[in-house]
Amino acid sequence: MSHQDQDQDQRLAAALAGLLLVGGTLITREEAGLWPAVAVGMLPVLAAYWGPPAARRIAAAVAVRQMRRRLADYERGAR
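Let us look at the structure shown here. (Residues numbered from 1 in each chain as written. Predicted model: local features only at pLDDT ≥ 70, side-chain atom pairs only at ≥ 80, totals over all residues. Heavy atoms only, no water.)

1. Quick word on the overall build of the protein
Here comes step 1: Of the regular secondary structure elements, the protein holds two helices and zero strands.
Here comes step 2: Taking 2.2 N^0.38 as the reference for a compact globule, 79 residues should give roughly 12 Å; the C-alpha atoms of the protein span a radius of gyration of 22 Å, well beyond that estimate.
Here comes step 3: Seen along its three principal axes, the alpha-carbon backbone of the protein occupies a region of about 65 × 45 × 15 Å.
Here comes step 4: Out of the 79 residues belonging to the protein, those deemed buried represent 4%. (Helix = DSSP H or I, 4+ residues; strand = E, 2+ residues; numbered from the N terminus. Rg over C-alpha atoms; globule rule 2.2 N^0.38 Å. Buried < 20%, exposed > 50% of the residue type's maximum accessible area, 1.4 Å probe, protein only.)

Structure (structure tokens):
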């Protein structure tokens, strides 16, 4: 697949995602009201924006916790 084909596929995917987001928001507004529709429209955007940094922070915290446990186990075994 060429670079142009990938760019075109990405543009198509972005356009479809936008249409689905708008359509889903409009349907939710008619079914559930304004504020649930705002939440449905904003949650995917916020998740895409905040998701990767949050995942990195969580992964770093888990790695630090594991390293501290291993160091504590090593210190207990060395005594």
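Still more to cover.
2. Concerning a nonpolar patch on the surface
Here comes step 1: Nonpolar side chains collect at one region of the surface, where L12, L16 and L19 lie side by side and expose about 320 Å² of accessible area between them.
Here comes step 2: Tracing the backbone shows L19 in helix α1 (residues 3-32).
Here comes step 3: A residue is classified by how much of its surface remains accessible, and L19, at 61% relative accessible area, is exposed. (Patch = residues over 30% accessible without salt bridge, like charges linked within 9 Å, V, L, I, M, F, W, Y side chains within 5 Å. Areas by Shrake-Rupley, 256 points an atom, 1.4 Å probe, with all protein chains shown as cover. Salt bridge = Lys/Arg side-chain N within 4 Å of Asp/Glu carboxyl O.)

3. A look at the pattern of salt bridges
Here comes step 1: Taken as a whole, this structure holds two salt bridges when the rule is applied.
Here comes step 2: For the salt bridge of R29 with E30, the shortest nitrogen-to-oxygen distance reads 4.0 Å.
Here comes step 3: Note on E30: relative accessible area 62%, which makes it exposed.

4. With respect to the side chain of T28
Here comes step 1: Inspection of the secondary structure assignment puts T28 in helix α1.
Here comes step 2: In this structure T28 touches G33, P36, A37 and V40, once residues within four positions along its chain are discounted. (Contact = heavy atoms within 4.5 Å.)

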